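# Fold and geometry: a report
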Amino acid sequence: MTTTTPPVTLDDVRDAAARLKGVAHRTPVLRSRTLDALAGAEISLKCENFQRMGAFKFRGAYNAVSRLTPGQLSRGVASYSSGNHAQAVALAARELGTTAVIVMPEDAPPSKRAAAAAYGAEIVTYDRYTGDRVAIAEALAAERGLTLIPPYEHPHVMAGQGTAALELLEEVGELGALLTPVGGGGLMAGSATVAKALHPGIRTIGVEPEAGDDTKRSLEADRRVSVPVPHTIADGQALHTPGELTFSVNRRLLDEVVLVTDDEIRDAMRFAFERLKIVVEPSGATPLAALLTGRAGTLPPRVGVIVSGGNIDAERFAELCRGGSR
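Residues numbered from 1 in each chain as written. Predicted model: local features only at pLDDT ≥ 70, side-chain atom pairs only at ≥ 80, totals over all residues. Heavy atoms only, no water.

## Overview of the overall build of the protein chain
Along its length, the protein chain carries 14 helices and 10 strands. For 326 residues, the compact-globule estimate of 2.2 N^0.38 gives 20 Å, and the protein chain sits close to it at 18 Å. The principal-axis extents of the C-alpha atoms in the protein chain amount to approximately 55 × 50 × 40 Å. Burial analysis of the protein chain (326 residues in total) assigns 60% to the buried set. The long-range share in the protein chain, meaning contacts at least 24 apart out of those at least 6 apart in sequence, stands at 72%. With 35 positive and 38 negative side-chain charges, the protein chain shows a separation of 4 Å between the mean positions of the two kinds. (Helix = DSSP H or I, 4+ residues; strand = E, 2+ residues; numbered from the N terminus. Rg over C-alpha atoms; globule rule 2.2 N^0.38 Å. Buried < 20%, exposed > 50% of the residue type's maximum accessible area, 1.4 Å probe, protein only. Contact = heavy atoms within 4.5 Å. Lys, Arg positive; Asp, Glu negative; His and termini not counted. Charge placed at Lys NZ, Arg CZ, Asp CG, Glu CD.)

## Section: the packing of aromatic side chains
Scanning the model with the defined rule gives 2 aromatic pairs in all. Measuring from ring centre to ring centre gives 5.4 Å for F273 and F317, while their planes differ by 65 degrees; the resulting arrangement is edge-to-face. Here F317 lies in helix α14 (residues 314-321) and F273 lies in helix α12 (residues 262-276), a separation of 44 residues in the sequence. Since its relative accessible area comes to 43%, F273 is described here as partly exposed. Judged by relative accessible area, which is 10%, F317 ranks as buried. (Phe/Tyr/Trp six-rings, centres within 6.5 Å; stacked < 30°, edge-to-face > 60°.)

## Side note on the pattern of salt bridges
One pass over the full model with this rule turns up 23 salt bridges. Between R52 and E95 there is a salt bridge, with its nearest N and O atoms 3.4 Å apart. Linking R52 in the loop between β2 (42-47) and α3 (57-65) with E95 in helix α5 (residues 84-95), this pair joins segments that are 43 residues apart in sequence. Judged by relative accessible area, E95 falls into the partly exposed class, the value being 38%. One salt bridge connects D255 with K196, and the closest N-O pair in it is separated by 2.9 Å. A residue pair is termed long-range when its members are at least 10 positions apart, and D255 in the loop between α11 (244-253) and β9 (256-260) and K196 in helix α9 (residues 186-198) qualify at 59 residues. (Salt bridge = Lys/Arg side-chain N within 4 Å of Asp/Glu carboxyl O.)

## Considering the state of the cysteines
Tallied over the full model, the rule gives 0 disulfides. Note on C321: no disulfide assigned, nearest cysteine sulfur contributed by C47 at a separation of 16 Å. What makes C321 buried here is its relative accessible area of 14%. (Disulfide = S-S within 2.5 Å.)

## Re the sheet that holds strand β8 (residues 203-209)
With respect to topology, 6 strands assemble into an open sheet ordered β1-β2-β10-β7-β8-β9, the strand pairing being mixed. Each having just a single partner strand, β1 (29-30) and β9 make up the two edges of the open sheet. (Pairing = 2+ DSSP bridges.)

## Some remarks on the nonpolar core
Counting residues in each nonpolar core, the largest one holds 36 residues, and the members touching the most others are I43, L45, L179, M269, V303 and V305. Sorting elements by how many residues they give to this core places α12 first, with 6 residues. (Core = buried A, V, L, I, M, F, W, Y, C linked by side-chain atoms within 4.5 Å.)

## As for unusual backbone geometry
Phi angles above zero are rare outside glycine, and D222 is one such case at about 60 degrees. Of note, D222 is situated in the loop between α10 (214-221) and α11. When its relative accessible area of 48% is taken as the criterion, D222 is described as partly exposed. Although it is not a glycine, K277 adopts a positive phi angle of roughly 65 degrees.

## Some details on the environment of E138
As for its placement among the helices and strands, E138 is situated in helix α7 (residues 133-144). E138 sits 20 residues away from M158 along the chain, and the two C-alpha atoms are 20 Å apart.

## Focus: the environment of D11
In this fold, D11 is placed in helix α1 (residues 10-20). Taking relative accessible area as the criterion, D11 reaches 57% and is therefore assigned exposed.

## Re the pairing of strand β10 (residues 302-307)
Across the 6 residues of β10, 5 count as buried, placing the element largely inside the fold. Pairing of β2 with β10 involves 6 bridges; the strand directions are parallel. Bridge assignment links L45 to a residue of β10, and that residue is V305. Pairing of strand β7 (residues 177-181) with β10 involves 3 bridges; the strand directions are parallel. Counted as the bridge partner of L178 is G304 from β10.

## What about α10?
If you check which residues of α10 are buried, you get D214, T215 and S218. One face of α10 carries all of its buried residues, which in axial projection span an arc of 95 degrees. Buried residues in α10 make contact with β8, α11 and β9. A positive phi of about 60 degrees marks D222, the residue just after α10. (Arc of directions from axis to C-beta.)

## Quick word on the sheet that holds strand β4 (residues 100-105)
With respect to topology, 4 strands assemble into an open sheet ordered β5-β4-β3-β6, the strand pairing being parallel. The open sheet has two edge strands with one neighbour each: β5 (122-126) and β6 (147-148). By the bridge criterion, 4 bridges tie strand β3 (residues 77-80) to β4 in an arrangement that is parallel. Bridge pairing in β4 places V77 opposite A100. Packed on one face of the sheet, α7 meets β3, β4, β5 and β6 and runs near 160 degrees to β4. (Axes fitted to C-alpha atoms, helices over the stretch in contact; angles between N-to-C directions.)

What follows is the structure, given as structure tokens:
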């Protein structure tokens, strides 16, 4: 009988937490009586929009880059991202004294491109609907001798992302359910690893935009399924196939995936701004949308939600809240 070692374990996440201590922010957990009443449960929001560079991605990027050898750091790192991982790798590289080259789609939010560049990264753009970002980044890394730090397909990245759920559970105790956005699957893989290890009975719920339901379809088929590149305001979740490593974790630990529309995401962003007094980007608002619409189903008494990020410029935020599609 052969036993396959999972790509990320609770010990890996705890090791990442020790490495991130004093570097990443321990983000706040917010509560709202209004949200509790609407959702029919006690909701704890882990607000990664207050993380360094504005999203949970810093956790995984720093955990991965900090483990490189001096020789690797001297040559630099490369990655590919629609925005938040780009900023995270750029910031981690700057903090650790190395350089970063990031492959980003031409239509990435300008504020995210500008932020990654401001952290010192070199930006290489491509057309997300015709280009292969992985191939482009791999070619750049090979040509320049850089170490590739992917946005989710990496054990150290997944372990770093899982520290958000670890902090949440340390602060609020046992939960009956955990809702997390799902894009490439790294945040969910790390979070589900922690949640199921500490509280085996917890219900893990992923949330995807309706236009990009690749993880939901993959779970139903019990294999990785590709969909057309999604056209959705949730740019951080505009992916067409789950990661191979992340799906190997999520097919075991993710109980279900629910879908929300772009209009429901807009409503959730507006609710977060008006009632919770926080700014949340579209991808970070998808779990909140699932709660407000009831798409997450009947909930247990205590529920945790990871609000994954808040990187959105004022103009786009205002247009989306007005119902625009930019």
